[in-house]
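# A structural walkthrough
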Amino acid sequence: MQYGVGRKLCLLFTAYWLLLTDMADTFLLEIVTPDRLFLSEQVDEMTAPGSEGEFGVLAGHAPLLTSLNSGELSYKKGADINRIMIGPGYAEVGPQKVTILTEQISTKD
Amino acid sequence: MPSLRDIKRRIKSVKNTQQITKAMKMVSAAKLRRAHEDIVAARPYAQKMLDIINSLSSSVSPDAHPLLSKRGNNRIELVILTSDRGLCGSFNSSIIRTSETFLRKNTGNAKTTLNLVGKKAKDYFKRRDFTIRQERAFGSGRPRYANAAELGKEIVDSYIMETFDEVYILYSEFKSALNQKPVIQKLLPIEPPSGTEESTTEYIYEPFQEAILADILPKYIEIQIFRALLESSASEHGARMAAMDSATKNAKEMIEGLTLKFNRLRQAAITKELMEIIGGAEALKG
């Protein structure tokens, strides 16, 4: 009897945990320039050149507001890794959404 | 009394003008659409910038940065955005009229300096007794962020060096293709947002708040100027489109009137000739 309840609870927790992790798996990355919204995609992880050093972001990151140096920004979506060069700017990081503000962008080929 | 050939010539010249105004109208319509797209595209950046500044300035005292603090003096700088080209109806004249009203109201207690954008503003103010601190000619054409950044940087630098104490920008707000309204907006000092509600998220700031604020405020001025440039550009194209539309209509009316006159005259000439022939025949008979 007791064993049954424990197992049920355990299953419930596992399901809940899976749901949570699944929800927090990706986050929305938005890159905006004064001219346009350059990118708006769900990504798995991102690395940006912060003014205090390069930093990586996964879903569920603590809220962070930082300035960015010019450099390479990369983001991973599934198996693809994309790299773009950005100019100086700002990043606003939240648990579900990251917004990059920059004046210049060039895609690297 | 103009001869038949004169009227024919008139009709031809009006037709040529009509073709030009028609073409200009279509070009303006295309440019207006693009300018409108540009305005929409610039919105997310400006909005995000504003969000960040709001969340920063709610937790930083207003004296933290010179761009936020008010000064006692009231030397005013007025930035006026006009176009480089004419043939756009009352676009430039309404801007200049508004600036005149503003200047009359404010020159009583302070020395106002002007910062002009666009040839039309320069043409008007250089012959009058005003202090033109700077003038630039990128009023027409697609606004580029680099231009706004350059202008913004200069204004911020001069402001910090206390060349003036307040900065206003006058531009034409784009309401619709047929409706543009000159507006005056305060650029500096930046007024903290009216609603002082605390932002719900507590950010980690990197580097510290004051540094980000000092870095981001000049950018905010730039984006404000850029937005004004975009609005002004869209308004210009809208105004030109409307002006060219009515010019084309006028030309059409004029051509109709002239054609009527031409036909009447031709008929009169034919009648006259007939009368002469009949008169001649009658004379021969007699």
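Residues numbered from 1 in each chain as written. Chains lettered and ligands numbered in written order. Predicted model: local features only at pLDDT ≥ 70, side-chain atom pairs only at ≥ 80, totals over all residues.

Let us look at the overall build of chain B. Check the secondary structure of chain B and you find five helices and six strands. Mapped from its N terminus to its C terminus, chain B presents α and β elements in the order α-β-α-β-α-β-α-β-β-β-α. For chain B, the C-alpha radius of gyration of 29 Å lies well beyond 19 Å, the compact-globule estimate for 286 residues. In terms of overall dimensions, chain B has a C-alpha envelope of 115 × 40 × 30 Å along the principal axes. Considering only intrachain contacts with a sequence separation of at least 6, the fraction spanning at least 24 residues in chain B is 79%. (Helix = DSSP H or I, 4+ residues; strand = E, 2+ residues; numbered from the N terminus. Rg over C-alpha atoms; globule rule 2.2 N^0.38 Å. Contact = placed C-beta atoms within 7 Å.)

Summing up its helical and strand segments, chain A has one helix and ten strands in all. From first element to last, N terminus to C terminus, chain A shows the α and β order α-β-β-β-β-β-β-β-β-β-β. Across the 109 residues of chain A, 25% fall into the buried class. Contacts spanning at least 24 positions in sequence make up 42% of the contacts within chain A whose residues lie at least 6 apart. (Buried ≥ 20, exposed ≤ 12 C-beta atoms within 10 Å, placed from the backbone.)

Counting from both sides, the interface comprises 21 residues of chain A and, opposite them, 20 residues of chain B. Of all elements in the fold, only strand E5 (64–68), strand E8 (89–93) and strand E9 (97–102) of chain A reach the threshold of two or more residues within the side of chain A that touches chain B. Counting residues per element, the side of chain A that touches chain B draws most heavily on E5 of chain A, which supplies four residues. By residue class, the composition of the side of chain A that touches chain B is nine nonpolar, seven polar and five charged. Here E5 of chain A runs beside strand E6 (residues 204–206) of chain B; their pairing, made up of three bridges, is parallel. Its bridge partner being in E6 of chain B, Thr66 of chain A is matched across the sheet by Glu206 of chain B. (Nonpolar A, V, L, I, M, F, W, Y, C, P; charged D, E, K, R; others polar. Pairing = 2+ DSSP bridges.)

In this section: the domain arrangement of chain B. All names here are of chain B. Taken domain by domain, chain B comprises domain 1 (4–22 + 245–285) and domain 2 (24–242). The gap between the C-alpha centroids of domain 1 and domain 2 is 53 Å. Taken together, the contacts link six residues of domain 1 with five residues of domain 2. Those elements that place two or more of their residues in the side of domain 1 that touches domain 2 are helix H1 (4–57) and helix H5 (209–285). Taken together, the residues of the side of domain 1 that touches domain 2 break down into one nonpolar, three polar and two charged. (Domains from an automatic or database assignment.)

Moving on, we come to helix H2 (residues 91–106) of chain B. Residues and elements named next belong to chain B. Taking 1.5 Å of rise per residue, 16 residues should cover 22 Å, and H2 covers 23 Å from first to last C-alpha, within 8% of that figure. Those residues of H2 that sit buried are Phe91, Asn92, Ile95, Ile96 and Ser99. Down the axis of H2, the buried set is contained in an arc of 115°. They therefore lie on one face. In H2, the exposed positions angled more than 90 degrees off the buried face are occupied by Arg97, Thr101, Arg104 and Lys105. (Expected span 1.5 Å × (residues − 1). Arc of directions from axis to C-beta.)

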